Each structure stands twice: as structure tokens, then as C-alpha cells.
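# Commentary on secondary and tertiary structure
Residues per chain, in single letters:
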Amino acid sequence: ERQTVQTREADHLTSALKEAAQSIDTPDDRLQDLAQAYQDAQISQRSEQSTRDMKAGQRKRANEGTEQLAQDLEQMADDLAGIRDAYRQVQKDELLEQLAGIFRDALNLSRSQEATSTEAEQQGNRPDQEQLGRRQTRDLNAASRLAQRIQETSSQSFLIPPQAGAGLQNAMKQMQNTMGNLQRGLGSQAGKNAREAMA
């Protein structure tokens, strides 16, 4: 009876491995290979055969069959653990790359706002509205995209604190204020707004 239950579980595992192999991309398609190896090893069929051997009183044959099944399944469990660890490492590397990209883009935005602030303050009440306006529009669009990336990445990792998104929203508000003051010819005030956005 126990072996019959294990045969049903082996059938379920066959389906689960196939489904996982189709839905999860693992390094070098290792999960796909493991699913195929499990199918090739005929685990379910061999488990069913062991059940028949037990019912027929073939204890030695049944014992040998179940021992070999146990060894094969243990090896596959080790292989699956290795695939899991490799998958986690890939996910970790991808997350670190995303975080590095967010940091780099935030730093570039900060530098751009610093340049806008300096130029606007130097130009005083005669700011170059066209040039500074174009830069500010570009930075505002970049900040909007960055906010979306931060939101997506924060759902995958606790490394991004909630205040990061709030800080970026405040920066975008100051960037909009900068644009408004540039259009009104208030270079000094626009520079202050850009400096707050930079911070």
C-alpha cells in the first residue's frame, strides 16, 4: 500500500517537474534536463513494478528495485538542490545589476540637476529657457522611468527602503517647479529648486 502511494506521488512529481521546466528558466536549461532525466529513468513505472513484485511475493526483487529507486531519487534530489542554488544565484546577480543601474541613473540625474542649478543661478533673471528647459524635461522623464524601476525592484528586495520612492517623488516635484520658474524667467529660484531636486 505504501509503495502504491509512492507510485502516485512519483506520477505527480513527473507532472510537477514538466510544469516547472516549462515555466522557470534555469541556467543552461538544467531543470529541463532533470525533468527529462526523471522521465527517462521511468521512476513511476519502476515503482509500480516494485508494487507488483511485493504482491507476488518477490521480496528480493522488490527490495533491489526499491533500493535502486531510492538511490536514483536521492541523486535527483541533490541535482535539484544544485539547480535551485544556481537559480538563486542568477536571481541575486540580476537584482544586484538592477540596483547598480538604479544607483548609477540616480547619480546621473543628481549631477544633471546640479548643472541645471549652477547655470540657472549664474544666468539670474535671463536664464536660457530653451536649453535648460530641454534638459529639465529630459531629466523629469528619466526620473519618472527611474521611479517605476524602483517600485518594481522594491517588490523583489528589501534593500530598497520605502523612503527612496518618496524622495524621488519629491525630487520630481522640485524639477517641475524648476521648469515653471525657468518659464517665468526666475533663474535664481529655478536654481534653488534644481538644487533641492539634486539633494
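Here is a short report on the structure shown in this document. The model shown is predicted, which means the values in this text are computed figures rather than measured ones. (Residues numbered from 1 in each chain as written. Predicted model: local features only at pLDDT ≥ 70, side-chain atom pairs only at ≥ 80, totals over all residues. Heavy atoms only, no water.)

### Focus on the overall build of the protein chain
Of regular secondary structure, the protein chain possesses 7 helices and 0 strands. Along the protein chain, helices and strands appear, N-terminal first, in the series α-α-α-α-α-α-α. Relative to its length of 199 residues, the protein chain is extended, with a C-alpha radius of gyration of 31 Å against a globular reference of 16 Å. By its C-alpha atoms, the protein chain is 100 × 25 × 25 Å across when sized along the principal axes. With 199 residues in all, the protein chain has 33% of them scored as buried. In the protein chain, the proportion of contacts linking residues at least 24 apart, taken out of those at least 6 apart, comes to 70%. Carbon and sulfur atoms make up 46% of the accessible area of the protein chain, which totals about 13100 Å². Looking at the protein chain, you have 25 positive and 30 negative side-chain charges, and the mean spots of the two groups are 6 Å apart. (Helix = DSSP H or I, 4+ residues; strand = E, 2+ residues; numbered from the N terminus. Rg over C-alpha atoms; globule rule 2.2 N^0.38 Å. Buried < 20%, exposed > 50% of the residue type's maximum accessible area, 1.4 Å probe, protein only. Contact = heavy atoms within 4.5 Å. Areas by Shrake-Rupley, 256 points an atom, 1.4 Å probe, with all protein chains shown as cover. Lys, Arg positive; Asp, Glu negative; His and termini not counted. Charge placed at Lys NZ, Arg CZ, Asp CG, Glu CD.)

### Considerations on the pattern of salt bridges
Taken as a whole, this structure holds 9 salt bridges when the rule is applied. Of the charged contacts in the structure, one is a salt bridge between D72 and R46, with a shortest N-O distance of 2.7 Å. Here D72, found in helix α4 (residues 59-123), pairs with R46, found in helix α3 (residues 43-55); they are 26 residues apart in sequence, far enough to count as distant. Taking the shortest distance from any N to any O, the salt bridge between D53 and R61 comes out at 3.4 Å. In this structure D53 comes out as buried when scored by relative accessible area, which is 6%. On the accessibility criterion, R61 (49% relative accessible area) is partly exposed. (Salt bridge = Lys/Arg side-chain N within 4 Å of Asp/Glu carboxyl O.)

### With respect to the nonpolar core
Formed by 15 residues in total, the largest nonpolar core has its most connected members in A143, L146, I150 and L168. Of all the secondary structure elements, the ones that give two or more residues to this core are α4, α5 (129-154) and α6 (162-183). Here the element with the most residues in this core is α5; it accounts for 5 residues. Those residues within four positions of L146 in sequence are excluded, and the remaining contacts are I102, D105, A106, L109 and L168. Within the second largest apolar cluster, 12 residues are counted, among which are A10, L31, A35 and I83. (Core = buried A, V, L, I, M, F, W, Y, C linked by side-chain atoms within 4.5 Å.)

### What about a negative patch on the surface?
On the surface, D25, D28, D29 and D33 cluster together to form a negatively charged patch. Within the secondary structure, D33 is located in helix α2 (residues 30-40). (Patch = residues over 30% accessible without salt bridge, like charges linked within 9 Å, V, L, I, M, F, W, Y side chains within 5 Å.)

### Topic: the environment of K55
Note on placement: K55 falls in helix α3. K55 gets classed as exposed once you look at its relative accessible area, which sits at 72%. Along the sequence, K55 and Q148 sit 93 residues apart, while their C-alpha atoms lie 62 Å from each other.

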